[in-house]
Amino acid sequence: MAQVPGEVDNMEGLPAPNNNNLAARWESPDRGWEREPPAASTAAASLFECSRIKALADEREAVQKKTFTKWVNSHLARVGCHIGDLYADLRDGFVLTRLLEVLSGEQLPRPTRGRMRIHSLENVDKALQFLKEQRVHLENVGSHDIVDGNHRLTLGLVWTIILRFQIQVIKIETEDNRETRSAKDALLLWCQMKTSGYPEVNIQNFTTSWRDGLAFNALIHRHRPDLVDFGKLTKSNANYNLQRAFRTAEQHLGLARLLDPEDVNMEAPDEKSIITYVVSFYHYFSKMKALAVEGKRIGKVLDQVLEVGKIIERYEELAAELLAWIHRTVGLISNQKFANSLSGVQQQLQAFTAYCTLEKPVKFQEKGNLEVLLFSIQSKLRACNRRLFVPREGCGIWDIDKAWGQLEKAEHEREAALRAELIRQEKLELLAQRFDHKVAMRESWLNENQRLVSQDNFGYELPAVEAAMKKHEAIEADIAAYEERVQGVAELAQALAAEGYYDARRVAAQRDSVLRQWALLTGLVGARRTRLEQNLALQKVFQEMVYMVDWMEEMQAQLLSRECGQHLVEADDLLQKHGLLEGDIAAQSERVEALNAAALRFSQLQGYQPCDPQVICNRVNHVHGCLAELQEQASRRRAELEASRSLWALLQELEEAESWARDKERLLEAAGGGGGGGAGAAGGAHDLSSTARLLAQHKILQGELGGRRALLQQALRRGEELAAAGGSVGPGAETVQLAGLAERAASARRRWQRLEEAAARRERRLQEARALHQFGADLDALLDWLRDAYRLAAAGDFGHDEASSRRLARQHRALTGEVEAHRGPVGGLRRQLATLGGASGAGPLVVALQVRVVEAEQLFAEVTEVAALRRQWLRDALAVYRMFGEVHACELWIGEKEQWLLAMRVPDSLDDVEVVQHRFESLDQEMNSLMGRVLDVNHTVQELVEGGHPSSDEVRSCQDHLNSRWNRIVELVEQRKEEMSAVLLVENHVLEVAEVRAQVREKRRAVESAPRAGGALQWRLSGLEAALQALEPRQAALLEEAALLAARFPAQATRLHQGAEELGAEWGALASSAQACGEAVAAAGRLQRFLHDLDAFLDWLVRAQEAAGGGEGPLPSSLEEADALLARHAALKEEVAQREEDYARIVAASEALLAADGAELGPGLALDEWLPHLELGWHKLLGLWEARREALVQAHVYQLFLRDLLQALAVLRNQEVALSGVELPGTVESVEEAIKRHRDFLTTMELNQQKMQVAVQAAEGLLRQGNAYGEQAQEAVARLLEKSQENQLRAQQWMQKLHDQLGLQHFLRDCHELDGWIHEKMLMARDGSREDGHKLHKRWLRHQAFMAELAQNKEWLEKIEREGQQLMQEKPELAASVRKKLGEIRQCWAELESTTQAKARQLFEASKADQLVQSFAELDKKLLHMESQLQDVDPGGDLATVNSQLKKLQSMESQVEEWYREVGELQAQTAALPLEPASKELVGERQNAVGERLVRLLEPLQERRRLLLASKELHQVAHDLDDELAWVQERLPLAMQTERGSGLQAVQQHIKKNQGLRREIQAHGPRLEEVLERAGALASLRSPEAEAVRRGLEQLQSAWAGLREAAERRQQVLDAAFQVEQYYFDVAEVEAWLGEQELLMMSEDKGKDEQSTLQLLKKHLQLEQGVENYEESIAQLSRQCRALLEMGHPDSEQISRRQSQVDRLYVALKELGEERRVGLEQQYWLYQLSRQVDELEHWIAEKEVVAGSPELGQDFEHVSVLQEKFSEFASETGTAGRERLAAVNQMVDELIECGHTAAATMAEWKDGLNEAWAELLELMGTRAQLLAASRELHKFFSDARELQGQIEEKRRRLPRLTAPPEPRPSASSMQRTLRAFEHDLQLLVSQVRQLQEGAAQLRTVYAGEHAEAIASREQEVLQGWKELLAACEDARLHVSSTADALRFHSQARDLLSWMDGIAGQIGAADKPRDVSSVEVLMNYHQGLKTELEARVPELTACQELGRSLLLNKSAMADECWKCISLPRRQWWLMPG
């Protein structure tokens, strides 16, 4: 499982209770503690403990799984995920990744999609790698563990995640020592703190302290007392407490219910589950606390906000007022309503000038003050370290600036508009004068023309009206040309009105007057034109009426003809012509109706009427009467023509029907000649294809019969109707009589009936022939397939590799399946042939089919045998090839892996090693898979070798080679693994050493930094000891591991030893620190802790001995009691184990105390005396517990054995009951059912046998473990096994009896069935009834089938005998009954066989003789009948009769041949059959008679055939001539047609028809030539019959030549018409295409945007390209036109006109395309310009946002940065903007110059863009000015602060000048220092002056608070400067005074020294001894006096200097006074 952090798993023990009465516990030392401990526990007890521990572990695992699953779902619910099974759903890594993303809030790499294991491993690796990056240490957890669903490691991983993301973040600071605890200890402390003070709540751990549920409720009550009534909860009702707490947390706190009451209220609750749930409470309540703290902080912030709010309100109020004024002013100024007169506009301009000079400057001052106020607000907010104030939307400085800009813009617009309005008013005055002049001219012209158009003088004839119309059109043209001048007047008025001219009403009145006169004139002109048009139209209608009456008179003359036609073609032609005439009449009737309607409309006009209405009505009536008379005559003519056509059509239909029936009847008779049966019963049906062809032809014939039958019936009905009507049809001499119509109809009906009978006969014969030929074809196909199958099955190819062998095997399996599928059809061939042979007769074809059936059966048997042999060969070959393929694949893989392993370099870094190791894990899986394949190869080789395969040596060598390569790759992998393991071990060791060293260093630093007094050191020491206990084994293990690794890997020894040494050094330092700390703590509390621990331990020890002393009590009598006692005893053991550590600690502590100071436990009681007693008591407790546990375990194990024994005995009793009282069944079904039940019973016994084994093993275990109940258990088991063996034996015996009974019953049932079948057949064989002779043959056939059935069932008898013999051999006890039954069966079978043979001989002899006699008699009758038929020799009168007789003759000849063969067969049968003499003589007579009659028939048959063939040829030629002549005459009218069609399609139809006719003529030519040739040959003969042939030949030759010439002429005419129509069609297509393109070119759609316009432009360019490409089509059309004109076509003028029209349309289309292209290009340029303008405006708006930013900087550095950035922004914006603006302006100018239609719009865009750019520049200038001003302001404050700092620094330097340190410097040095300081001050003078100048400038710019701040800062600096100057002056005076004092002291010192010298000289002078010495002395004194006199000024100056110092109260005044007084006294004391 994953190793969690150490600080979480350190659990503190429960504190032991205090008990100070220790001495009383030890007053009775003789308590029996000296007893020896019992022996070691038995194996059964160990087993019980292990099972108990495992059960607890499983229970804990289940609880953890459930808790962790709920915890995971609670977090996954945020992302909509859910898991059901923790182990299964985490395997693919998806859910794990989502969980880590939710917990960490970070994005993990996307999981790999896929369901394969490698995908899951990759996803889990990503999650584990993320945990490692989060510093989560995972021990022994790999991705394969999670993917494999390892329960323990999966739970460990989830617990690690909970620790990292839920528990590890918990840190609680206690109130006493402010020490931070971590993880679980902190969580436990938090729970204790929150539940302190709650009764019965004592949280000491995360297991048992939570069982009663009070702790959960206390946590909830502490934070939410409204949810839980804690006072009503009781400790005893744990489940209720837990349920209520969990439900409350889930419903009210939203915490997922991770636990259930049964998970907590248990003996040992799971600690991790409870921690997981409690952590959720901690995080929830911590969040509640954080929210409360945040609320308090928000309150403080609100107070500060309210404080600043007032200032902000003032700013907003002033800003709102200013903005309101601006908006109001903008609204007033923006009002473009000017006075509509020149004087009014001038007054408005003066008022605007007054506003600009008086009102606006005041508001500009207010705007400046508002900016100052905003700056002060921002300063205060910045001082409070708060976010700067951002005015609400619309109230910011930038908004004010923007509004001010709008105001200035409105002012500019107002001024420009006023000046423009002034100019406009001046222009309007001039325009009004021009309008008045033009109005006068137009009114005079209109009056004159109105008079002209008011006159009507049109005339009453069409030419006069047309002349008046031309004159009127000239007047209209003149008036239309004058319309522009009238419109000019209207436009002037419109312009004046549009410009708002003040006298617009007068102008409008004059304009309306002119327009009214113009409208009156146009109305008069229109009315006159309408009247003219009416007169013209009426005259045209009258002219059309005259033309129409003339045409109707011509049509009436044509309709008076009485010609109705002499045949059908002529009648159709007349009817068709009449139809055209009627079409013309119908078309003209519509035209007449239209003319009449048009004329009548003129009579119904209201008002003006061009003619008298009565005249119009008369003309209309006359035309209508002529039309009605014409239509009546046309109707009568159509009725006559239709009646004539119906009669001729009926006669032709009847003739065609009769002729067609006659031809078909002749064909049927010719095709079915002969009446014999068999395969050739239908003429020409020699095989299946010919039969099928004949049947298909016959079906076509039947279809034609059906179709023509309906036509014939319709024709007959029409004939009956005409015959019933009677009379005649047709006028005069051309009358057609109806007398022969009924006779013709009856003849057709008879002919049709004979045709249907012949068709039915032929169909029946063809069906019979097809069935027989179909069987033969199927049989041939089967034989071919069998031969192919034999060839495939016998093939020697077994494949060259596995794929080919598998393919061959698959093909062979398919072949075998096909063979098996053909088994049934092959077996049924005989039956099918018998059926067909009975229907068609036993001819030679049937005999041949029988032979082929036998051949098919033999070939099928051979194919089956060969296929089985080939299947085995293919299996062997496939096994070998599969083995070779597997070996090749394995060797390929081995070679690839060898290459990789040999080339692999072992990496140095741990990450690379882990990657390579992961690859080795996948390699292991691949090698395991490959090893299985190698084993399969070895197994296959072994099977092949053992099976004696011919390639055994090659297979064995291949196996050896593969095994050797496998061994090499395994060795190589192991070698690489060892190398990888070495690197991995070393790197892991180094990493672990570094981790441990870091932990040790951290612990040492913590100990060294801990205070050396109080409980904190003790707490730190306890934690350190726990950490040392955890780290010491690890450190020792690492040192030992380092030594081992160094010895194992010498190359890494230096590195390993260095790490070990460093770790040892760190560990030694830590141990030293810990020892020092422990020594400081241990001395103070060692004895007290020992006493407390000893008191608690002794109290527990007494109670534990009492509990363990029940070893002599009663043992359990049941399993439940034993479980309860063991559970209580195990609990005691756990308590003892928990106390073992306390015991060891007490002993160790006592030994330490004894070694230290010999402590005592109490008065008079030494510690060394009580230690042995304590040890004895402990061992006594262990002994008591072991003894009691041994007894309880033995009793428990024995109770378990008794339970299992009782269960086994109950099972055995049930088995005995089931095996007793059963009987053997008497039928097969009952025996099988009994066996099935007994098998189930045996299965149950085997399952129960396991229970027996459990009891036996338990008894053996009791005996082996030395259990007290072992012997009793062994005896009981012996009895149990004895009973079990008895039951097993009885069950086996009964199963054997059942199997024997089943075999016997099967045998008896088979015998019974065979016996019944034999008796049934015996009855049939003994049936001796006599029957007639003709039934003997059938009886013989039935008996043969009976004998065949008997032979087949002989195998049944043999099978029963074999089964009986086998049964007797296996079961001798059944031999008697089986032998008896077999004997009976054999006897019955022999009797049946003998009876059958005897009956067969009798039936055969009787049937053969009778059959021969009957056969010869039948042949004799048939021959006699044929002789009678040959007596009548009729050559036939027509072709049908001759064909019929030839068919009959052919049938006779076939019958004679068949009879001849039949006679031969009968003779052979007679010779081979042993007959009686009488029968033999009778058969001989009949045979001779039949032979003689056959010989006599041959010659008459040959003669009759010769005559019939000659007659047939003559009649056939005559018939063919008639048919061909009819064919030519039928097609001649088609070739001679003159109709060419009125359109291209009609001409094409005529051409197709004519071409079809020509092809038909061409195809029919050979046939007709052949007929002519045959007819010519017959015509050369001199006979009466040939005369008719010669006449038909001549007619046919002439008609054929005429038909060919007419078809050629027709083709030439149609080709010429086709060229013309094709040209017209092409012209129409071209015009249609040009019209479509014109519609596309005329589209008004120019696109909604740039993209759509571009698409339209592209489409238009494509259209233009298409138009250009179409020019070739126009040229081609022109060439066609020239060709037709050169041909001299009669429609040349129309063709030329159409071609000219096409050329004009094409030119117009190109011009239209050019116009549309120009329009689309202009629109595209407009959209492109619009886009660029929008982009530039958007760009300018974005720049305006930047340029209008209100941020002016918070200090000098900030504003400098802003100014620098804005300078860059302004530079970049100016450059880019000017370029883009120039580009747009250039584009606009170019488009305007090009004359773009939207030039005005583009000019507006250009102006707006330039204005926006000017505004942006202005805004940037303003922003630059503001930044410059802000920079000046901040620079002033910065300079002021800097200057003030310099002044302060100078002031701080002054005291050092005025009070220099000792020793005192010289005056010169002080003066030099002062001069240097003054020089520095001179530098500050310029700065102060500059500051003053800057302040003066800023005060002129800023007002309000800014001005005050500037003045205040200036005053502060000046005040400091003044103080500095004053201080400097004081210093200068001080330095000067000090320098004077020092100079005075120096002078005084010099004078004193001189005085002292002079006084010494004077006092030291000797008395003179003589005059010379007196003189010398006098001279000497005189010199001194002179020197004294010389020194007087110096002394006086020194005294003056001293007095001045005294007067100035110098600091050295006292010294000066001393110096002054001392020289004076000395001076006075001097002589002189």
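The structure this text deals with has already been given above.
The structure contained in this document is the topic of the report that follows. Source: prediction; values computed, not measured.

## Digging into the overall build of the chain
Phase 1: If you tally the helices and strands in the chain, you get 50 helices and six strands.
Phase 2: When burial is assessed residue by residue, the chain has 39% of its 2032 residues classed as buried.
Phase 3: Intrachain contacts of the chain at a sequence separation of at least 6 include 80% that bridge at least 24 residues.
Phase 4: As displayed, the chain offers around 113,000 Å² of accessible surface, 52% of which is attributable to carbon and sulfur atoms.

## Topic: unusual backbone geometry
Phase 1: Despite not being glycine, Glu-200 shows a phi value in the positive range, around 60 degrees.
Phase 2: Here Glu-200 is to be found in the loop between helix 9 (183-195) and helix 10 (214-223).
Phase 3: Classification of Glu-200 by relative accessible area gives exposed; the value is 53%.

## Concerning a negative patch on the surface
Phase 1: A grouping of Glu-413, Glu-1804, Asp-1807 and Glu-1811 is seen on the molecular surface, where their side chains present a negatively charged patch.
Phase 2: Among the elements that make up the negative patch, the one with the highest residue count is helix 46 (residues 1799-1858) (three residues).
Phase 3: With respect to the helices, strands and loops of the structure, Glu-1811 is situated in helix 46.

## Notes on the packing of helix 6 (residues 117-133) against helix 8 (residues 151-167)
Phase 1: Across the interface, helix 6 lies against helix 8 with an axial gap of 12 Å and an inter-helix angle of 35 degrees. Considering how the two elements wind past one another, helix 6 and helix 8 form a crossing that is left-handed. Taking contact as the criterion, the partners of Leu-128, Phe-130 and Leu-131 in helix 6 are, on helix 8, Leu-157, Ile-161 and Phe-165.
Phase 2: By residue class, the composition of the contact of helix 6 with helix 8 is six nonpolar, no polar and no charged.

## Comments concerning the pattern of salt bridges
Phase 1: Applying the stated criterion across every chain, the model contains 45 salt bridges.
Phase 2: Note that Asp-503 and Arg-506 form a salt bridge whose closest N and O atoms lie 2.8 Å from each other.
Phase 3: Within the structure, one salt-bridge network assembled from shared partners comprises Lys-66, Lys-70, Arg-257, Asp-260 and Asp-263.

## Things to note about helix 43 (residues 1671-1687)
An α-helix turns once every 3.6 residues. As a result, residues three or four positions apart point the same way.
Phase 1: The end-to-end C-alpha separation of helix 43 is 24 Å, in line with the 24 Å expected for 17 residues at 1.5 Å each.
Phase 2: Every buried residue belonging to helix 43 is among Ile-1674, Leu-1677, Ser-1678, Cys-1681 and Leu-1684, and all of these are buried. Take helix 43 and look down its axis: the buried residues cluster within an arc of 120 degrees, on one side only. Among the exposed residues of helix 43, those pointing more than 90 degrees away from its buried face are Glu-1672 and Glu-1686.
Phase 3: After helix 43 finishes, the residue Gly-1688 shows a positive phi value of roughly 75 degrees.

## Quick notes on the nonpolar core
Phase 1: Counting 73 residues, the largest nonpolar core has Trp-210 and Phe-216 as its most contacted members.
Phase 2: At ten residues, helix 8 tops the list of elements feeding residues into this core.
Phase 3: Residues within four places of Phe-216 in sequence aside, it is in contact with Trp-210, Leu-242, Ala-245, Phe-246, Val-264, Ile-274, Tyr-277, Val-278 and Phe-281.

## Some words on the packing of aromatic side chains
Phase 1: Applying the stated criterion to the full structure yields 25 aromatic pairs.
Phase 2: A centroid spacing of 5.3 Å and a plane angle of 75 degrees characterise the contact between Phe-216 and Phe-246, whose relative ring orientation is edge-to-face. Remark: Phe-246 occurs in helix 11 (residues 238-251) and Phe-216 occurs in helix 10; sequence separation between them is 30 residues. As far as the burial class goes, Phe-216 and Phe-246 line up, both buried.
Phase 3: Consider the rings of Trp-1739 and Trp-1813, whose centres lie 6.3 Å apart with planes at 15 degrees: the pair is stacked.

## Topic: the packing of helix 18 (residues 504-559) against helix 19 (residues 568-603)
Phase 1: Contact pair helix 18 / helix 19: the axes reach a minimum separation of 10 Å and the direction vectors enclose 150 degrees. The pairing of helix 18 with helix 19 is recorded here as roughly antiparallel in orientation. Regarding helix 18 and helix 19, the two cross each other, and that crossing is left-handed. For the pair helix 18 and helix 19, the contacting residues are Gln-534, Ala-537, Leu-538, Val-541, Glu-544, Met-545, Met-548, Trp-551, Met-555, Gln-558 and Leu-559 in the first and His-578, Leu-581, Asp-584, Ile-585, Gln-588, Arg-591, Val-592, Leu-595, Asn-596, Ala-598, Ala-599 and Phe-602 in the second.
Phase 2: Among the residues forming the contact of helix 18 with helix 19, the class breakdown is 15 nonpolar, five polar and three charged.

## Details of helix 10
Phase 1: Of all ten residues making up helix 10, eight are buried, and the element is well covered by its neighbours.
Phase 2: The set of residues buried in helix 10 consists of Leu-214, Ala-215, Phe-216, Asn-217, Ala-218, Leu-219, Ile-220 and His-223.

## Considerations on the environment of Gln-1052
Phase 1: You can see Gln-1052 is positioned in the loop between helix 29 (1015-1048) and helix 30 (1053-1108).
Phase 2: Looking at Gln-1052, the relative accessible area reads 28%, which means it is partly exposed.
Phase 3: Considering only alpha carbons, one finds Gln-1052 and Ala-1042, ten residues apart in sequence, at a separation of 9.8 Å.

## Things to note about the side chain of Gln-1722
Phase 1: Structurally, Gln-1722 can be placed in helix 44 (residues 1692-1747).
Phase 2: In contact with Gln-1722, not counting residues within four places along its chain, are Gly-1795, His-1796 and Thr-1797.

## Some points on the side chain of Arg-1610
Phase 1: Position of Arg-1610 among the secondary structure elements: in helix 41 (residues 1584-1641).
Phase 2: For Arg-1610, a relative accessible area of 6% translates into the label buried.
Phase 3: A distance of 3.2 Å separates a polar atom in the side chain of Arg-1610 from a polar atom in the side chain of His-1550.
Phase 4: The contacts of Arg-1610, once residues within four sequence positions are left out, are Leu-1534, Ala-1535, Gln-1537, Thr-1538, Glu-1539, His-1550 and Asn-1554.

What counts, and where the lines are drawn
- Just so you know, the residues in each chain are numbered from 1, in the order the chain's sequence is written.
- Given that this is a predicted model, residues contribute local features only at a pLDDT of at least 70 and side-chain atom pairs are listed and counted only at 80 or more, while totals for whole chains, interfaces and linings are drawn from all residues.
- Here the side-chain values reflect all heavy atoms present in the structure, with hydrogen atoms and water set aside.
- Counting from the N terminus, the helices are DSSP H or I runs at least four residues long and the strands are E runs at least two residues long.
- Only protein chains enter the accessibility calculation, which uses a 1.4 Å probe; a residue whose area is less than 20% of its type maximum is buried, one above 50% is exposed, and one in between is partly exposed.
- Contacts are assigned to residue pairs with any non-hydrogen atoms lying within 4.5 Å of each other.
- The accessible surface values rely on the Shrake-Rupley method and a 1.4 Å probe; as for residues, cover is taken only from the protein chains in view.
- Patch members must show over 30% relative accessible area and no salt bridge, and they are joined within 9 Å when carrying like charges or within 5 Å when they are nonpolar side chains of Val, Leu, Ile, Met, Phe, Trp or Tyr.
- Put simply, a salt bridge is a Lys or Arg side-chain nitrogen that is within 4 Å of an Asp or Glu carboxyl oxygen.
- We treat Lys and Arg as the positive residues and Asp and Glu as the negative residues; His and chain ends play no part in the count.
- For charged residues, the charge sits on one atom: NZ in Lys, CZ in Arg, CG in Asp, CD in Glu.
- Every axis corresponds to a line fitted to the C-alpha atoms, with the helix fit spanning only the stretch in contact, and the corresponding angles, defined between N-to-C directions, vary from 0 to 180 degrees.
- The hand of a helix crossing depends on one turn: near helix anticlockwise from the far one by less than a right angle means left-handed, and clockwise means right-handed.
- As a working rule, the residues Ala, Val, Leu, Ile, Met, Phe, Trp, Tyr, Cys and Pro are called nonpolar, Asp, Glu, Lys and Arg charged, and the rest polar, with Gly in that last group.
- Each residue after the first adds 1.5 Å to the expected span of a helix.
- It is the directions from the helix axis to the C-beta atoms that the arc portrays.
- Think of a nonpolar core as a cluster: buried Ala, Val, Leu, Ile, Met, Phe, Trp, Tyr and Cys residues, connected wherever their side-chain atoms sit within 4.5 Å.
- In summary, the pairing rule links any two rings of Phe, Tyr or Trp, Trp by its six-membered ring, whose centres are within 6.5 Å, and it sorts them by plane angle into stacked for under 30 degrees, edge-to-face for over 60 and tilted for everything else.
- Orientation categories follow fixed angle ranges, with anything under 35 degrees roughly parallel, anything over 145 roughly antiparallel, 65 to 115 roughly perpendicular, and all other angles oblique.
- Polar contact is the term for a pair of N or O atoms within 3.5 Å; when the atoms are in protein, one must be able to donate a hydrogen and the other to accept it, and sequence-neighboring residues count only if both atoms are side-chain atoms.

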